[in-house]
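Coordinate analysis (summary)
The primary structure of each chain is shown beneath.
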Amino acid sequence: QFRQTIAETPGALGIQMAVTGGGCAGLQYDMKACTEIPQGFLSQEESGVTFYIHPVAAAYLKDTLIDYSKDLVDGGFKFKNPNAASTCGCGSSFGV
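Residues numbered from 1 in each chain as written. Predicted model: local features only at pLDDT ≥ 70, side-chain atom pairs only at ≥ 80, totals over all residues. Heavy atoms only, no water.

**Remarks on the overall build of the chain**
Looking only at helices and strands, the chain has two helices and eight strands in total. Residue burial in the chain is summarised as follows: out of 96 residues, 30% are buried. Considering only intrachain contacts with a sequence separation of at least 6, the fraction spanning at least 24 residues in the chain is 43%. Counting every atom, the chain has about 6000 Å² of accessible surface; 50% of that belongs to carbon and sulfur. (Helix = DSSP H or I, 4+ residues; strand = E, 2+ residues; numbered from the N terminus. Buried < 20%, exposed > 50% of the residue type's maximum accessible area, 1.4 Å probe, protein only. Contact = heavy atoms within 4.5 Å. Areas by Shrake-Rupley, 256 points an atom, 1.4 Å probe, with all protein chains shown as cover.)

**Here's the deal with unusual backbone geometry**
Trans is the common state for peptide bonds, and a negative phi is the common state for residues other than glycine. Phi angles above zero are rare outside glycine, and Asp-63 is one such case at about 65°. On the secondary structure map, Asp-63 appears in the loop between helix H2 (55–61) and strand E5 (65–69). A relative accessible area of 56% places Asp-63 in the exposed class.

**Remarks on the nonpolar core**
Membership of the largest hydrophobic core is limited to twelve residues, which are Ile-15, Met-17, Val-19, Leu-27, Tyr-29, Val-49, Phe-51, Ile-53, Ala-57, Leu-61, Phe-79 and Phe-94. Broken down by secondary-structure element, the contributors of at least two residues to this core are strand E1 (14–21), strand E2 (27–34), strand E4 (49–53) and H2. (Core = buried A, V, L, I, M, F, W, Y, C linked by side-chain atoms within 4.5 Å.)

**Focus: the packing of aromatic side chains**
The geometry of an aromatic ring pair is captured by two quantities: the separation of the ring centres and the angle between the planes. Taken as a whole, this structure holds one aromatic pair when the rule is applied. Centre to centre, the rings of Tyr-29 and Phe-79 are 3.8 Å apart; their planes meet at 10°, and the pair counts as stacked. You can see Tyr-29 sitting in strand E2 and its partner Phe-79 sitting in strand E6 (residues 76–80), a full 50 residues away along the chain. (Phe/Tyr/Trp six-rings, centres within 6.5 Å; stacked < 30°, edge-to-face > 60°.)

Right, dumping it as structure tokens:
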């Protein structure tokens, strides 16, 4: 699914990841295809996709597994974050 996201964005180099304030549980994941290497971000390649991770988000995302489901009900990106003390029902928001 990450490769499809990149393929749909002309000139995309990878996926930019950050954690922002908001969502039901206080923090939410922020992901988007990026066409430039974000300055100051950490990079990690997994399964042929380069992820650019905001340095502050790195602590929140450490050891997080990201999966994708095509299910009609509750489909989309799924985060299995061992650093989250709580999560909301939508799965895109968490608390520490």
